[in-house]
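# Remarks on the overall topology
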Amino acid sequence: MFLDFWRDVESLLRDALDRCGFLLPETDGKVNGNDLMLETSPHADLASTISFRLAPVLKRKPAQIAQKILEAIVLDGRGTVDRVEAMGPYLNFFASRRFFDSAVLEAEGDRCWTGSMTERVIVEHTSANPNGPLHVGHIRNSVIGDTLVRILRRAGCDVEAQYYVNDMGRQIAIVVWGCGRYPLDGSKADHATAKVYIQANKDLAAEPGLKEGVDRLMQLYEGGDPETAEKFREAVNYALSGIEETLRRLNIRHDSYHWESEFVRDGSTARIFDRLEATGLTDWEEGSLQLDLSGEGFEKKLVLKRSDGTSLYTARDLAYHRWKAERSDRMIDVLGADHKLISGQLKAALRLMGAREPEIVIFEFVSLPTGSMSTRKGKFISTDELLDEVEAQAFKEVTARRPEEGEEFRRAVAKEVALGAVRYDVVRVSPEKATVFDWKAALDFEKLSAPFIQYSHARASSILDKAGAFGDFDPSLLTGAEEIDLIRKISQFDLAVQVAARELKPHLLATYARELAEAFNQFYRSSPVLEADPGIKEARLALVKAARNCLRATLETLGIPALESM
RNA sequence: GGGCGUGUAGCCUAGCCAGGACAAGGCGGCAGCCUCCUAAGCUGUAGAUCAAGGGUUCGAAUCCCUUCACGCCCGCCA
C-alpha cells in the first residue's frame with residue numbers, strides 16, 4: 001500500500017533528477033537508503049527536501065531547483081501519484097484517487113498485512129534468572145522483545161523467540177543451596193523460589209563462611225555431577241514454570257528455551273576457549289583465563305574462566321551466540337542497560353573469532369519512586385501483582401460503563417483490557433528512556449493507552465455487527481476529509497511495520513496505533529454509517545471494515561487483544 | 001575518575017541517528033458535545049527562552065564543543 005506509493009514517488013523523482021542532470025550529493029549517513037529525502041508530512045502524502053541538498057552543489061536557490069525538478073516530473077496518470085507541487089523549496093507529492101480506492105479494497109479484503117522480508121531471525125528476550133518472579137523491570141524486556149518478534153513476523157520474517165536460561169550462575173546455585181535449607185512454601189512457583197532466594201542471601205551476608213557451600217555446588221554442577229544436576233534442573237524448571245505462567249498472562253510465548261549448561265555439556269564452551277586462545281590475546285592470570293580486548297577499545301580484561309576451572313557467563317554466552325549464528329540470518333538480543341558493557345565485550349570477542357555479532361536492543365531501567373528494584377532484597381513490584389491490580393481497576397471501569405452486562409463478560413473484558421493497558425504502557429515509551437513506575441499512569445485507561453485503541457476496534461466491530469452483510473461498494477465515494485485521513489492512515493500500516501522492523505523500534509508501532517484509532521474516532525464522529533444514503537452507506541461500511549481489519553492487525557502486532565465488544 | 005544514556009509546557013512522552021514548512025500527543029486546568037452507529041469518545045482553549053552556554057549552517061530540539069543535573073556500568077556476578 002503506502003510503500004507502493006513511496007516507490008512510485010521515488011521513481012518519478014529519480015527520473016526527473018536524471019532529466020535535469022542533477023546528481024545526488026553524497027550523503028554521509030543515508031541509513032535507510034532515503035537519499036531522496038522523502039518523508040511523510042502534514043502538507044502532503046510525501047514531501048522531499050532534496051532541493052536543499054542540491055542547492056550548495058548547484059549553487060542555486062532551493063526554490064528554483066524545486067521548480068526545475070517539478071517541471072521535469074512526468075506523471076502518466078495511471079500510477080499511485082496524482083499530482084506534485086513545489087511549495088517553495090519543498091516538493092509535495094499527493095496520492096491519487098486510485099491509490100485510496102485500492103487501499104480501501106485491499107484492507108477490506110484483509111489480506112494485505114504481511115510484509116515481504118524473508119530473513120530467519122532469532123530474538124532472545126526476557127531470559128530472566130530463574131530465581132524469582134518477573135518484576136515490573138522485566139516487563140520492559142518481555143514486552144519490547146515480544147513486540148519485536150511480532151513486528152518482525154508481521155514484516156514477513158521467520159522468527160524464533162528464545163529464552164536463554166541461566167542455570168549455571170551463582171544466583172541459581174544460591175537458590176539450590178537455599179532449597180536445601182528452607183522449604184518452598186507452596187505459593188506460586190516463582191514467588192516461592194524468590195522467598196528462599198531472599199532468605200539464603202540474608203544468611204550468606206550474615207555468615208560469609210557459608211559461601212563455600214555455594215561454590216561447591218557450582219563446581220559440582222559444571223563438572224556434571226548427576227545428583228547436583230538433578231537438583232538444579234528441578235529448581236530451575238520449578239521457577240521457570242511460574243515465570244512462564246506470568247508470560248502467558250502477558251500474551252507472550254517463547255518458541256524455545258536454551259539452557260546455558262547445554263553449551264558447556266556439548267563442549268562448545270571449551271571450543272570457545274580454544275578459539276580465543278588461538279587469537280593470541282588470552283592470558284592465564286593466577287589460574288584464570290582472561291581475554292585482552294584493549295585492541296577493541298575495552299580497558300579491562302574479560303575473564304572467561306575462573307581459577308577453579310568453572311566458566312563465566314560471557315564464555316557460555318559466546319558459545320550460545322555462535323550456535324544461534326548458524327541457525328539464523330539475524331540475531332537480536334533484548335537487554336537491560338546494565339548489559340551495555342558486557343554485550344560490547346561479547347561482540348568484540350565474537351569479532352575476534354570471525355563470528356557474526358548480534359544486534360542488541362538496549363532498554364533503560366524501570367525504577368520505583370523509592371529507588372531501583374532488587375530481587376535479592378525482595379524490593380520489587382511483581383508483574384503478577386501489577387496485572388492483578390490493573391485487572392481489578394479495569395473490572396471497576398467495565399462495571400461502571402456496562403452495568404447491564406453479566407459478570408463473566410465484565411471479567412473477560414477486564415482481563416483483556418488490563419493486558420493491553422500494561423503492554424501498551426510499556427511499549428509506547430522509547431527503550432532508551434529510563435522510567436519510574438507510576439501506579440496512577442498504569443491504571444489510566446484514557447487516550448494514550450491500549451483501551452483507547454481496543455475501544456475503536458469495538459466500535460467498528462459493533463457497526464459491522466449491526467449492519468450485517470453488505471453488497472458492492474464504490475470506495476471513490478469516500479471523499480470527506482475524515483474519510484481520506486482514515487484511508488491514508490490505514491494505508492500506512494506497511495510503512496509503520498517496516499520502519500519499526502528495520503529500526504527495531506516497537507514504540508513506533510504504538511504511536512501508529514494511537515494515530516489510527518484517532519483517525520477512526522474522528523471519522524466515527526463525523527460520518528454516520530448505518531443511517532447514510534444508499535451507496536454512501538456501503539462505501540462507509542467497507543471503510544469501517546477496512547479500519548477494523550487494520551486495527552486488529554495493529555493490535556495483534558502489539559500483542560494486545562482486539563475486543564469485539566467492551 | 002572513565003565509559004554509555006537521558007534532560008522537550010505543572011506532570012508523562014513523540015520528534016534527534018539521516019538538520020528544513022507553525023516543536024506533536026497524552027495527563028492535569030478551563031469551555032463545549034450523548035432525542036444520533038458504545039462519551040474508555042469528539043471539539044475548542046490556555047500552557048515550551050526544546051537543561052545552560054558557545055560553535056557549524058541560508059536554516060539547529062536535531063550536528064559539534066563546554067558546563068550542569070539525573071540514571072546505568074566499570075566483579076574470577078549475571
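By the naming in an unreviewed UniProt entry, chain A goes by Arginine--tRNA ligase and is assigned to Candidatus Methanocrinis natronophilus. Note on chain A: under the UniProt heading Catalytic activity (unreviewed entry), the record states "tRNA(Arg) + L-arginine + ATP = L-arginyl-tRNA(Arg) + AMP + diphosphate". Its UniProt record gives chain A the following Subcellular location (unreviewed entry) comment, quoted word for word: "Cytoplasm".

Mapping Trp-439 onto the fold places it in helix α16 (residues 439-442). Judged by relative accessible area, Trp-439 falls into the partly exposed class, the value being 28%. Each C-alpha atom of the pair Trp-439 and Leu-386 lies 8.7 Å from the other, and the pair is 53 residues apart in sequence. With residues up to four places along the chain from it excluded, the contact list for Trp-439 reads Ile-381, Glu-385, Leu-386 and Glu-389.

For RNA strand B, the set of nearby residues contains 74 residues, the closest of which are Tyr-90, Lys-300, Arg-401, Tyr-455 and Tyr-524. Lys-433 places a polar side-chain atom, nitrogen or oxygen, 2.7 Å from a phosphate oxygen of RNA strand B. Among the elements that line the surface near RNA strand B, the one with the most residues is helix α17 (residues 450-467), at 8 residues. By residue class, the composition of the surface near RNA strand B is 28 nonpolar, 20 polar and 26 charged.

Let us now look at the pairing of strand β1 (residues 38-41). For β1 and strand β2 (residues 44-48), the ladder comprises 3 bridges, and the chain directions are antiparallel. Looking at β2, one finds that Glu-39 is bridged to Ala-47. Taking the residues that link successive antiparallel strands as the turn, the β1-β2 hairpin has 2 residues.

In this structure, Met-37 is a non-glycine residue whose phi angle is positive, near 55°. Along the chain, Met-37 falls in the loop between α1 (2-20) and β1. Residue Met-37 is classed as partly exposed on the basis of its relative accessible area, which comes to 21%.

Quick look at the sheet that holds strand β9 (residues 288-291) now. An order of β8-β9-β10 is seen for the 3 strands of this open sheet, with the pairing classed as antiparallel. Each edge of the open sheet carries a strand with a single partner, namely β8 (282-285) and β10 (302-305). Across this sheet, the average inter-strand angle for adjacent strands is 35°, counted without regard to direction. Two elements, β9 and β10, share 3 bridges in a ladder whose sense is antiparallel.

All right, on to the domain arrangement of chain A then. Along its sequence, chain A is organised into domain 1 (2-95), domain 2 (167-253) and domain 3 (384-557). Once you take the C-alpha centre of each, domain 1 and domain 2 turn out to be 61 Å apart.

Strand order in the open sheet made by the 4 strands is β1-β2-β4-β3, with antiparallel pairing throughout. Since the sheet does not close on itself, it has two edges, and those belong to β1 and β3 (81-87), each with one partner. The average angle at which neighbouring strand axes cross in this sheet is 30°, direction not considered. Here β2 pairs with strand β4 (residues 90-95) via 3 bridges, running antiparallel. Across the sheet, residue Leu-46 finds its bridge partner in β4, namely Phe-93.

To continue, consider the UniProt feature "short sequence motif: 'HIGH' region" (unreviewed entry) in chain A. The sites that UniProt annotates as "short sequence motif: 'HIGH' region" (unreviewed entry) are residues 128-138. The annotated region residues 128-138 carries 27% helix and 0% strand content, and the separation between its end C-alpha atoms amounts to 7 Å.

Close contact between α17 and helix α21 (residues 536-557) brings their axes to 9 Å; oriented N to C, the two are set at 140°. At the point where α17 passes α21, the crossing takes the left-handed sense. On α21, the residues that touch Ile-453, Gln-454, Ser-456, His-457, Ala-460, Ser-461, Ile-463, Leu-464 and Ala-467 of α17 are Leu-541, Val-544, Lys-545, Arg-548, Leu-551, Arg-552 and Leu-555. When grouped by side-chain class, the residues that make up the contact of α17 with α21 number 9 nonpolar, 4 polar and 3 charged.

On to the pattern of salt bridges. By the definition in use, this model includes 46 salt bridges. Across the pair Lys-188 and Asp-384 runs a salt bridge whose closest N-O atoms are separated by 2.9 Å. Of the two residues, Lys-188 is situated in the loop between α6 (170-179) and α7 (189-206) and Asp-384 in helix α14 (residues 383-401); the sequence distance between them amounts to 196 residues. Residue Lys-188 is classed as partly exposed on the basis of its relative accessible area, which comes to 23%. With a closest N to O distance of 3.1 Å, Lys-211 and Asp-215 form a salt bridge. Here Lys-211 and its partner Asp-215 are both found in helix α8 (residues 211-223), 4 residues apart, which amounts to about one turn of the helix. Lys-211 sits in the partly exposed class, given a relative accessible area of 43%. A network of salt bridges, in which partner residues are shared, links Lys-188, Asp-190, Arg-249, Asp-384, Asp-388 and Glu-391.

For the structure shown, the criterion picks out 0 disulfides. There is no disulfide at Cys-112, and the cysteine sulfur nearest it, in Cys-550, is 7.6 Å away. The thiol of Cys-157 is not disulfide-bonded; the next cysteine sulfur, from Cys-112, is found 18 Å away. The class of Cys-157 is buried, set by a relative accessible area of 6%.

The next point concerns helix α4 (residues 97-109). Three- or four-residue spacings in an α-helix give side chains the same orientation, since the helix completes a turn every 3.6 residues. For α4, built from 13 residues, the straight-helix expectation of 18 Å at 1.5 Å per residue is met to within 8% by its first-to-last C-alpha distance of 18 Å. Taken together, the buried positions of α4 are Phe-99, Phe-100, Asp-101, Ala-103, Val-104, Ala-107 and Glu-108. Where the residues of α4 are buried, they touch α1, β2, β4, α18 (481-491) and α21. Once α4 finishes, Asp-110 follows within two positions and takes phi at roughly 65°, a positive value.

Thresholds, definitions, all that
- Residues numbered from 1 in each chain as written.
- Chains lettered and ligands numbered in written order.
- Predicted model: local features only at pLDDT ≥ 70, side-chain atom pairs only at ≥ 80, totals over all residues.
- Heavy atoms only, no water.
- UniProt positions renumbered as here; feature names shortened; annotations may be inferred.
- Helix = DSSP H or I, 4+ residues; strand = E, 2+ residues; numbered from the N terminus.
- Buried < 20%, exposed > 50% of the residue type's maximum accessible area, 1.4 Å probe, protein only.
- Contact = heavy atoms within 4.5 Å.
- Near = heavy atom within 4 Å.
- Polar contact = N/O pair within 3.5 Å; in protein donor to acceptor, adjacent residues only side chain to side chain.
- Nonpolar A, V, L, I, M, F, W, Y, C, P; charged D, E, K, R; others polar.
- Pairing = 2+ DSSP bridges.
- Axes fitted to C-alpha atoms, helices over the stretch in contact; angles between N-to-C directions.
- Domains from an automatic or database assignment.
- Left-handed = near helix turned anticlockwise from the far one by under 90°.
- Salt bridge = Lys/Arg side-chain N within 4 Å of Asp/Glu carboxyl O.
- Disulfide = S-S within 2.5 Å.
- Expected span 1.5 Å × (residues − 1).

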